[in-house]
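# Geometric and topological summary
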Amino acid sequence: MAQGNTYALYASGNFIQETELDRLGGWIAPDVLSGKLIFENPFLVFHDDLALRVDASRSWYVVDGGYVLGRDLAAPNGDWRVGYLRLVTDGTEADALRWIEEIEDGTELDRLDQTGLDDPLGEIVAAWEDPHGQWDLALVAQPN
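Everything quoted here is computed from the prediction, not taken from an experiment. Along every chain, residues carry numbers that run from 1 in the direction the sequence is written. Local features in this predicted model are restricted to residues whose pLDDT is 70 or higher, and side-chain atom pairs enter the listing and the counts only when it is 80 or higher, whereas totals over whole chains, interfaces and linings include all residues. Processing note: side-chain calculations cover all non-hydrogen atoms of the structure and skip hydrogens and water entirely.

This part is about the packing of aromatic side chains. Paired rings are identified among Phe, Tyr and Trp, the last through its six-membered ring, by centres lying within 6.5 Å, and are further divided according to the angle between planes into stacked (under 30 degrees), edge-to-face (over 60) and tilted (the rest). Summed over the entire model, instances satisfying the criterion amount to five aromatic pairs. Ring geometry for F46 against W135: centres 4.5 Å apart, planes inclined by 45°, an arrangement best described as tilted. With F46 in strand β2 (residues 45-47) and W135 in the loop between β8 (123-129) and β9 (136-143), this pair connects stretches of sequence that are 89 residues apart. Here F46 and W135 have matching classes, each one buried. Summarising the aromatic geometry, the rings of Y61 and W80 are spaced 6.4 Å apart at their centres and angled 40° between planes, so their arrangement reads as tilted. Taken together, the positions of Y61 in strand β4 (residues 60-63) and W80 in strand β6 (residues 80-86) put the pair 19 residues apart, joining distant regions of the chain. Of the two residues, Y61 and W80, both sit in the buried class. Taken together, F15, F46 and W135 form an aromatic cluster joined through their ring pairs. Lying over the aromatic face of W80, R23 brings its terminal NZ or CZ to 5.3 Å of the ring centre. A run of DSSP states H or I qualifies as a helix once it reaches four residues; a run of E qualifies as a strand once it reaches two. Both are numbered from the N-terminal end. Think of it in three bands: residues with accessible area under 20% of the maximum for their type are buried, residues over 50% are exposed, and the middle band is partly exposed, with areas taken using a 1.4 Å probe on protein chains only. A ring has a charge above it when a Lys NZ or an Arg CZ is no more than 6 Å from the ring centre and no more than 35 degrees off the ring normal.

L9, W27, L44, F46, L52, Y61 and L137 are the most contacted members of the largest nonpolar core, which totals 33 residues. Elements supplying a minimum of two residues to this core: β1 (5-12), α2 (30-34), β4, β6, α3 (93-104), β8 and β9. Here the element with the most residues in this core is α3; it accounts for four residues. Discounting chain neighbours no more than four positions away, the residues touching L137 are L9, Y10, A11, F46, I100, I103, L109, A126, A127 and W128. As used in this record, nonpolar core signifies buried Ala, Val, Leu, Ile, Met, Phe, Trp, Tyr and Cys residues forming a set joined through side-chain atoms within 4.5 Å. Note on contacts: a residue pair qualifies if any of its non-hydrogen atoms lie within 4.5 Å across the two residues.

A word on the sheet that holds β6. Pairing within the open sheet is antiparallel, and its seven strands lie in the order β5-β4-β6-β1-β9-β8-β7. Two strands close off the open sheet at either side, each with one partner strand: β5 (66-69) and β7 (110-111). When DSSP finds two or more bridges between two strands, those strands count as paired. Looking at chain direction, β8 and β9 are connected through six bridges and run antiparallel. Residue pairing for β9: I124 is matched across the bridge by V140.

Given below as structure tokens:
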């Protein structure tokens, strides 16, 4: 791991928007936003064998067209959805890449040379997408 950085793996894509999993009330539960609880849902999966565990407190939400970090989000009363899901890792590049390997065990991923991912993720080290356009993944180096 580069000194002074932690690594995060973010997931986004059409799947959560098309299924409206990005607007479940559980995303804005106080214990989930504070990081006391990890967000899990049986329908939030890459494939049948790999359910996502999401740190919603460090995920990015889209609120009224702008990005807000989950832990900074007060109960929104306007237009909101979760935008970039931060998967639970230990902060190392190796643990983030472990997720990629597990995902590839059940579905194909294509490595991207360039991404169309929006701010606020930070320095994107690597990115992937599934060939059906349902999921995007970004490995991001973040200063401590």
